[in-house]
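Listed below, chain by chain, are the residues.
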Amino acid sequence: MRIPSRILLLMALSAIVFSACNSRRNNELLIHKKWRVYDVVVPPESPYDNTQITQAIDLKRGYYTNVYYQFLDNNLFIATIDNRPDTGRYTLLSDGKIISVTAANGLRSSADKVTENLVTIVKLDATHFDMKVYTGEYYFILKTKAE
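Everything numeric here is computed off the predicted structure, so don't read it as measured data.

With respect to the confidence of the model for the chain
Stage number 1. Here the chain averages 85 in pLDDT, and 80% of its residues register 70 or above.
Stage number 2. Low pLDDT (under 50) marks residues 8-20, which in the prediction has three contacts with non-local residues, meaning those over four places away or in another chain.

Set out below in structure tokens:
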């Protein structure tokens, strides 16, 4: 049985519109807020690893004690770590489920290194944003609250 090309085209266009709507919704929830990190946890699907658990505790008590993120107009991203801001660009990917964070020039790589970080949105509402990040060795979930 052959499906008419008009139906296939309509289905493809519907998927694109739905994807754009979800990305826009997530962007509206992210933008113009300070997302302060209040907890660092191991993803529930990760196998038990004592080193990973210890690192999550150390990151929460150390590196992430004074960190917040901001998503602003024109895809501007600001990470403030211990009162030192660093800027970059962000793009929502995969139906708004993944955030690509790049260098301030928007490039995903330079001549000598990759400058793109991919962040998976685990939870996002008006007041909470949980994101799964990769540190080079382990995955962690950064739990943030809007200020």
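A word on the side chain of Ser23
Stage number 1. On the secondary structure map, Ser23 appears in helix H1 (residues 5-30).
Stage number 2. One polar contact links the side chain of Ser23 to the main-chain amide nitrogen of Gly96, over a distance of 3.1 Å.

So, the pairing of strand S4 (residues 84-93)
Sheet faces and side chains relate simply in a regular strand, where the side chains alternate between the two faces.
Stage number 1. Sheet topology note: the strand S3 (residues 76-81)/S4 ladder contains six bridges and is antiparallel. Pairing of Thr80 across the sheet is with Pro85, part of S4.
Stage number 2. Between the antiparallel neighbours S3 and S4 lie two residues, among them Asp82 with a positive phi of about 50 degrees.
Stage number 3. As defined by bridge partners, S4 adjoins strand S5 (residues 98-102) across five bridges and the pair is classed as antiparallel. Note that in S5 the partner of Tyr90 across the bridge is Val101.

Structural notes on the packing of aromatic side chains
Stage number 1. For the structure on display, the rule yields eight aromatic pairs.
Stage number 2. On the numbers, 5.8 Å between centres and 20 degrees between planes, the contact of Tyr69 with Phe77 is stacked.
Stage number 3. The exposure class of Phe77 is buried, given its relative accessible area of 9%.
Stage number 4. A centroid spacing of 6.1 Å and a plane angle of 70 degrees characterise the contact between Phe71 and Phe129, whose relative ring orientation is edge-to-face. Highlighted residues: Phe71 in strand S2 (residues 67-72) and Phe129 in strand S7 (residues 128-134), separated in sequence by 58 residues.
Stage number 5. Exposure remark for Phe71: the relative accessible area of 2% places this residue in the buried category.
Stage number 6. Here the aromatic cluster, defined as three or more aromatic residues joined through ring pairs, consists of Trp35, Tyr69, Phe71, Phe77, Tyr90 and Phe129.
Stage number 7. Here Lys132 stacks its cationic end above the ring of Tyr139, 5.0 Å away from the centre of that ring.
Stage number 8. In this structure, Lys145 is placed above the aromatic ring of Tyr38, and the distance from its NZ or CZ to the ring centre is 4.7 Å.

Reading the values: the criteria
- Residues numbered from 1 in each chain as written.
- Predicted model: local features only at pLDDT ≥ 70, side-chain atom pairs only at ≥ 80, totals over all residues.
- Heavy atoms only, no water.
- pLDDT = per-residue confidence, 0-100.
- Contact = heavy atoms within 4.5 Å.
- Helix = DSSP H or I, 4+ residues; strand = E, 2+ residues; numbered from the N terminus.
- Polar contact = N/O pair within 3.5 Å; in protein donor to acceptor, adjacent residues only side chain to side chain.
- Pairing = 2+ DSSP bridges.
- Phe/Tyr/Trp six-rings, centres within 6.5 Å; stacked < 30°, edge-to-face > 60°.
- Buried < 20%, exposed > 50% of the residue type's maximum accessible area, 1.4 Å probe, protein only.
- Lys NZ or Arg CZ within 6 Å of the ring centre and 35° of its normal.

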